[in-house]
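# Topology and contacts: notes
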Amino acid sequence: MWWIYAILSAVFASLTAMFAKVGVSGINSNLATAIRTIVVLVLLWGIVIAKGEFKGFSLISKHSLLFLVLSGLATGFSWMFYFKALQMGPVSQVATIDKLSVAITIILAAIFFHEPISLKTALAASLIISGTVLLIA
């Protein structure tokens, strides 16, 4: 079942790129990122409140909260650079290069979480890296 959510994530990430390319035209990329962030914030807090999931907030450990904050900071920087790249470059190439994050995640997961890298996963990561290099060159 997880793969259905992953495919939906990819579809919505694609729509994000397409909508953002049009939306960032003619305005400051940081302002565009801030507007998008407000929309995400309102949407997600609305879902959490509507589903009664806020009550679990007080149960979050300091460790989890720290890493969620760090993840949020990384997301913010990722979105800022993504919107700037979209403003300056072709959406098809920016979105493709952005997916280099998949290969980077595979490597970091092996280093920090000791996740095994199968031959199939290594080949996939190598193809992503090669494709990125080919696009940039």
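Residues numbered from 1 in each chain as written. Predicted model: local features only at pLDDT ≥ 70, side-chain atom pairs only at ≥ 80, totals over all residues. Heavy atoms only, no water.

### Structural notes on the overall build of the protein
Of regular secondary structure, the protein possesses six helices and zero strands. Helices and strands in the protein line up, N terminus first, as α-α-α-α-α-α. Expressed as lengths along the three principal axes of its C-alpha atoms, the size of the protein is roughly 50 × 45 × 25 Å. Within the span of the protein, comprising 137 residues, buried residues form 12% of the whole. Long-range contacts, defined here as pairs at least 24 residues apart, represent 74% of the contacts in the protein between residues at least 6 apart. Counting every atom, the protein has about 10400 Å² of accessible surface; 77% of that belongs to carbon and sulfur. (Helix = DSSP H or I, 4+ residues; strand = E, 2+ residues; numbered from the N terminus. Buried < 20%, exposed > 50% of the residue type's maximum accessible area, 1.4 Å probe, protein only. Contact = heavy atoms within 4.5 Å. Areas by Shrake-Rupley, 256 points an atom, 1.4 Å probe, with all protein chains shown as cover.)

### As for the UniProt feature "transmembrane region" (unreviewed entry) in the protein
According to UniProt, the "transmembrane region" (unreviewed entry) feature falls on residues 30-52, 64-82, 94-112 and 119-136. Helix makes up 95% of residues 94-112 and strand 0%. Its end C-alpha atoms lie 27 Å apart. Within residues 119-136, the helical portion is 100% and the strand portion 0%, while the C-alpha atoms at the span's ends are 26 Å from each other. (UniProt positions renumbered as here; feature names shortened; annotations may be inferred.)

### Description of the side chain of Ser 29
Summarising the element assignment, Ser 29 is placed in helix H2 (residues 29-50). When sequence neighbours within four positions are dropped, the list of residues in contact with Ser 29 reads Val 24, Phe 83, Lys 84 and Gln 87.

### Quick notes on the packing of aromatic side chains
For any two aromatic rings, the description comes down to two numbers: the centre-to-centre distance and the angle of the planes. Using the criterion set out here, one finds three aromatic pairs in the structure. Relative to Phe 57, the ring of Phe 54 lies with its centre 5.5 Å away and its plane at 10°, an arrangement referred to as stacked. Among the aromatic side chains, those forming a connected cluster through ring pairs are Trp 45, Phe 54 and Phe 57. Seen from the ring of Trp 79, Arg 36 lies directly overhead, with NZ or CZ sitting 4.1 Å from the centre. (Phe/Tyr/Trp six-rings, centres within 6.5 Å; stacked < 30°, edge-to-face > 60°. Lys NZ or Arg CZ within 6 Å of the ring centre and 35° of its normal.)

### A word on the nonpolar core
With nine residues, the main nonpolar core is built from Ala 17, Ala 20, Val 24, Ala 32, Tyr 82, Phe 83, Leu 86, Val 91 and Val 94. For this core, the elements supplying multiple residues, two or more each, are helix H1 (2-23), helix H3 (62-88) and helix H4 (91-98). Element by element, the count of residues in this core is highest for H3, at three residues. Sequence-distant contacts of Phe 83, that is, excluding residues within four places in its chain, are made with Ala 20, Val 24, Ser 29, Ala 32, Thr 33 and Arg 36. (Core = buried A, V, L, I, M, F, W, Y, C linked by side-chain atoms within 4.5 Å.)

### Looking at the UniProt feature "domain: EamA" (unreviewed entry) in the protein
UniProt tags residues 2-136 as "domain: EamA" (unreviewed entry). Across residues 2-136, helical content stands at 81% and strand content at 0%; the span's end C-alpha atoms are separated by 32 Å.

### Concerning the pattern of salt bridges
Going through the model one piece at a time under the given rule, you end up with two salt bridges. With a shortest N-O distance of 3.7 Å, Lys 51 and Glu 53 are connected by a salt bridge. (Salt bridge = Lys/Arg side-chain N within 4 Å of Asp/Glu carboxyl O.)

### Considerations on H2
The terminal C-alpha atoms of H2 lie 31 Å apart, and with 22 residues this matches the ideal 32 Å at 1.5 Å per residue to within 8%. Those residues of H2 lying buried are Ser 29, Ala 32 and Thr 33. The buried residues of H2 occupy one face: seen down the axis, they fall within an arc of 95°. For H2, the exposed residues lying more than 90 degrees away from the buried face are Ile 38, Val 42, Ile 49 and Ala 50. For H2, the secondary structure elements touched by its buried residues are H3. At the N-terminal boundary of H2, the capping side chain belongs to Asn 28, with an oxygen 2.7 Å from the backbone nitrogen of Asn 30. Positive phi appears at Gly 52, one or two residues downstream of H2, with a value of about 70°. (Expected span 1.5 Å × (residues − 1). Arc of directions from axis to C-beta. Polar contact = N/O pair within 3.5 Å; in protein donor to acceptor, adjacent residues only side chain to side chain.)

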